[in-house]
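Chains, contacts and geometry: an overview
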Amino acid sequence: MKNFSLFLFLLLPVLCMAQLTPGRYRISLAHNGKVIESGGSGSSRLTLVTPCSNTQENCQNQIWDVKKVRGTENQFLIQKVSNRLCMTYKEQINGTYGNVVLQDVFMQGQMPIAQQRFQSFSIVEDKDGIYTIQPQRQPGATERNDVFLSAKINTINVDGGSVDFEYKNQQQNPTGYNNSTNVYWKFLPVANTTSSVQVIRAPIRSGSVIVAPPSDNKIDIDFKTGGDNLEPRGFQKNLQLTIALKNRAPIVVEDVNKGQTWANNSLRRVSVPLPPDINVMDLESITLIRTVVKSWNNVDAGIADNWNLDKLTATASVKTDGRLVRTVLLNVVGSPLFRFIYENRGVTDPNAGISKTFPFSPASYQNYQGSGTVRNQITTATVIGTGGDDLRGGGNNVEILIKLKTTPVRTIYLRNLNNNENWPNDSERTVYKPVTGTPFTFADIESIELRHTGGGGIGADNWKLDKFKFTMTINGEARVLIDVLKSPEHIFTGDSRRKTYRIN
């Protein structure tokens, strides 16, 4: 009984150790209060620096989201707030020690579950709110984990000092873990109020960023990636966009892709808030840019990311005379429309570079009525994006039903939009159709139904819809009545051949 009591006494400190709560933190060296920063030095490496004040622009490089890895007790993902890149490590086979963790810590987009171990860290309290940070070991490993996140001892008090992994055992490092001051860390909580999207209404300079007040006005921007994906790199900035406005400062959105990969042939939508007093004619252009963090070099160029943009559309929703009016500002396509590359050295291709500006043309789209139509006719323009399962064609076609609230009730059919043709996976089509018969108004429209004409049973055609945009022009006024983008928005099967959208 005495031995059992002694065992409980020895075990008690372990049981009482507090576990780190997931949240937003600065990670500070316990020895001197310097914090870990990523990106401020222009590379993917981590450095140790003096904490900045909240008014400094580079504060975002010192703030981390610490998240629990699903299904584990004390394994955490450490993710940079500003670009969503994660602390990552690699292993290498060593004949003496087996798989060993390499020294470098680098930043990378969040990995799939199969590789998540290389972004998982054990954060264990050593004493009184002071923690050690260790990489997760290979599954099934039984040897002691003697690898710690560490500040270089010779630069521990210098801004820009290196932060990487260090072995603390008698074989690989005779100084030993217990004699070190450079592996102990504090987690300093930060209020979760930061955002990677800023709406700028004043010149962009440190200390003078003004966030626009809430508004229903916005621009929906749709990106279609082509045959080369957009993928985060620690030495390259994520996508940035700037919307130029007439007689006022531009709107700037950093980290448009939020540190995520945009896969080949994928569709993505980004919504940008607009000021409440904006007029659609004040929207002049959109500029897309992707630059490097610091200077170019041939090493980074060998692993740099290039991105093919195949299609770009922009639709403004602006409150006018008490109602929200949607206007197509931009609809451009190419193969690619533009190729974003690592640098401009020696590039003569006008469709390749690090930035591209696309002017808006709201006036021409407001009065657009389709091909060959005349004023006072009713016309439609339908944009349909197919996802990962094609529309077969033949007897498996797509049509639109427009239901009106008139007396008597009318249903207008726009049949066979695909003209019996196959619409392949990850494709996008735009179809123009006139509406014949007795005229009607926008207020008369009750619903719009998208219908797949195929049957059911074995061998029936399934079709994944990722995008549906429906524009109607009546008496020269064009309105976007439906505009959805989701993967998938709807899967048409033998049991589900219809998708209905209520309009009024």
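See the structure printed just above.
Criteria and thresholds
- Residues numbered from 1 in each chain as written.
- Predicted model: local features only at pLDDT ≥ 70, side-chain atom pairs only at ≥ 80, totals over all residues.
- Heavy atoms only, no water.
- Helix = DSSP H or I, 4+ residues; strand = E, 2+ residues; numbered from the N terminus.
- Buried < 20%, exposed > 50% of the residue type's maximum accessible area, 1.4 Å probe, protein only.
- Contact = heavy atoms within 4.5 Å.
- Areas by Shrake-Rupley, 256 points an atom, 1.4 Å probe, with all protein chains shown as cover.
- Phe/Tyr/Trp six-rings, centres within 6.5 Å; stacked < 30°, edge-to-face > 60°.
- Lys NZ or Arg CZ within 6 Å of the ring centre and 35° of its normal.
- Core = buried A, V, L, I, M, F, W, Y, C linked by side-chain atoms within 4.5 Å.
- Polar contact = N/O pair within 3.5 Å; in protein donor to acceptor, adjacent residues only side chain to side chain.
- Pairing = 2+ DSSP bridges.
- Axes fitted to C-alpha atoms, helices over the stretch in contact; angles between N-to-C directions.
- Salt bridge = Lys/Arg side-chain N within 4 Å of Asp/Glu carboxyl O.

A few words now on the overall build of the chain. The secondary structure content of the chain amounts to three helices and 31 strands. When burial is assessed residue by residue, the chain has 48% of its 504 residues classed as buried. Here the contacts in the chain between residues at least 6 apart in sequence split such that 67% fall between residues at least 24 apart. Here the chain displays about 24400 Å² of accessible surface, and carbon together with sulfur accounts for 50% of that area.

Any two aromatic rings considered together are summarised by their centre-to-centre distance and by the angle between their planes. Evaluated as defined, the whole model comprises 15 aromatic pairs. Ring plane angle 45° and centroid distance 5.2 Å describe the contact between Phe 223 and Trp 262, whose orientation is recorded as tilted. With Phe 223 in strand β15 (residues 218-225) and Trp 262 in the loop between β17 (248-253) and β18 (267-273), this residue pair connects regions lying 39 residues apart in the sequence. Across this residue pair, the class does not change: Phe 223 and Trp 262 are buried. With 4.9 Å between their ring centres and 75° between their planes, Phe 338 and Phe 340 make a pair best called edge-to-face. The pair Phe 338 / Phe 340 is uniform in exposure class, with both members buried. In this structure an aromatic cluster arises from ring pairing among Phe 223, Trp 262, Trp 307, Phe 338 and Phe 340. When the ring centre of Tyr 413 is taken as origin, the NZ or CZ atom of Arg 415, which lies over that ring, is 4.2 Å away. Directly above the ring of Tyr 501 sits Lys 499, whose terminal nitrogen or CZ lies 5.7 Å from the centroid.

Moving on to unusual backbone geometry. Geometrically, the link from Thr 407 to Pro 408 is a cis peptide bond, its omega value of 0° lying close to zero. Positionally, Pro 408 belongs in the loop between β25 (398-404) and β26 (411-414). With an omega of -10°, the peptide bond running from Ser 487 to Pro 488 counts as cis. Tracing the chain through its elements places Pro 488 in strand β30 (residues 477-492). A positive phi angle, close to 50°, is found at Asp 255, a residue other than glycine.

The next thing to look at is the nonpolar core. It is characteristic of soluble globular proteins that their nonpolar side chains tend to be buried jointly. Among the nonpolar cores identified, the biggest contains 33 residues, and Phe 223, Ile 243 and Leu 283 are the most heavily contacted of them. Elements with a minimum of two residues in this core: β15, β16 (240-245), β17, β18, β19 (283-289), β20 (307-320) and β21 (323-340). Listed in part, the 31 residues of the second largest apolar core include Ile 36, Ile 133, Ile 156 and Val 163.

Secondary-structure assignment places Asp 65 in strand β4 (residues 64-68). For Asp 65, a relative accessible area of 8% translates into the label buried. Within the structure, Asp 65 has its side chain in polar contact with the side chain of Arg 24 (distance 2.7 Å). Ignoring anything within four residues of it in the chain, the contact list for Asp 65 reads Gly 23, Arg 24, Leu 77, Ile 78, Gln 79, Val 81 and Arg 84.

Spatially, the four strands line up as an open sheet ordered β17-β16-β19-β23, and their pairing is antiparallel. At either end of the open sheet lies a strand with only one pairing partner, and these are β17 and β23 (355-359). Averaged over all pairs of adjacent strands, the angle between strand axes in this sheet comes to 20°, irrespective of strand direction. Judged from the six bridges that link them, β16 and β19 form a sheet pairing that is antiparallel. In the sheet register, Leu 245 faces β19, and the bridge partner there is Leu 283.

Before going further, it helps to examine the pattern of salt bridges. Opposite charge on two side chains lets them pair, provided their charged atoms get close. For the structure shown, the criterion picks out 24 salt bridges. Across the salt bridge formed by Asp 461 and Arg 392, the nearest N and O atoms sit 3.9 Å from each other. Residue Asp 461 is located in the loop between β28 (445-452) and β29 (463-474), and its partner Arg 392 is located in the loop between β24 (378-386) and β25; the two are separated by 69 residues in the primary sequence. Close ionic contact of Glu 449 with Arg 498 constitutes a salt bridge, the shortest N to O distance being 3.7 Å. Residue Glu 449 is located in strand β28, and its partner Arg 498 is located in strand β31 (residues 498-502); the two are separated by 49 residues in the primary sequence. Note on Glu 449: relative accessible area 12%, which makes it buried. It is possible to trace a salt-bridge network through shared partners that takes in Lys 218, Asp 220, Asp 222, Arg 269, Lys 311, Arg 326, Glu 428, Lys 467, Lys 469 and Asp 483.

On to the side chain of Asn 397, then. Following the sequence through the fold, Asn 397 ends up in the loop between β24 and β25. Residue classification places Asn 397 among the buried positions, given a relative accessible area of 9%. One polar contact links the side chain of Asn 397 to the main-chain carbonyl oxygen of Gly 394, over a distance of 2.6 Å. Of the polar contacts made by the side chain of Asn 397, one reaches the side chain of Asn 418; its length is 2.9 Å. Setting aside anything within four residues of it in sequence, one finds Asn 397 in contact with Leu 391, Asn 416, Asn 418, Asn 420, Arg 451, His 452 and Thr 453.

Turning our eyes to something else, we now look at the environment of Ala 443. With respect to the helices and strands, the residue Ala 443 is situated in the loop between β27 (428-435) and β28. A C-alpha to C-alpha distance of 8.5 Å links Ala 443 and Lys 405, two positions 38 residues apart in sequence.

On to the sheet that holds β26. The antiparallel open sheet is built from four strands, whose spatial order is β26-β25-β28-β31. Here the strands that pair on one side only, and so sit at the sheet edges, are β26 and β31. Ignoring which end each strand starts from, the neighbouring axes of this sheet average 20° apart. In this structure, β28 lies alongside β31, joined through five bridges in antiparallel fashion. Note on β31: the bridge partner recorded for Ile 448 is Tyr 501.

With that out of the way, let us pick up the environment of Val 100. Structurally, Val 100 is set in strand β8 (residues 98-101). When the C-alpha positions of Val 100 and Val 147 are compared, they lie 8.9 Å apart, and in sequence the two are 47 residues distant.

Moving on, we get to the pairing of β24. The side chains of a regular strand alternate, residue by residue, between the two faces of the sheet. A large share of β24 lies buried, amounting to nine of its nine residues. Here β24 shows a buried face lined by Ile 378, Thr 380, Thr 382, Ile 384 and Thr 386 and a second buried face lined by Thr 379, Ala 381, Val 383 and Gly 385.

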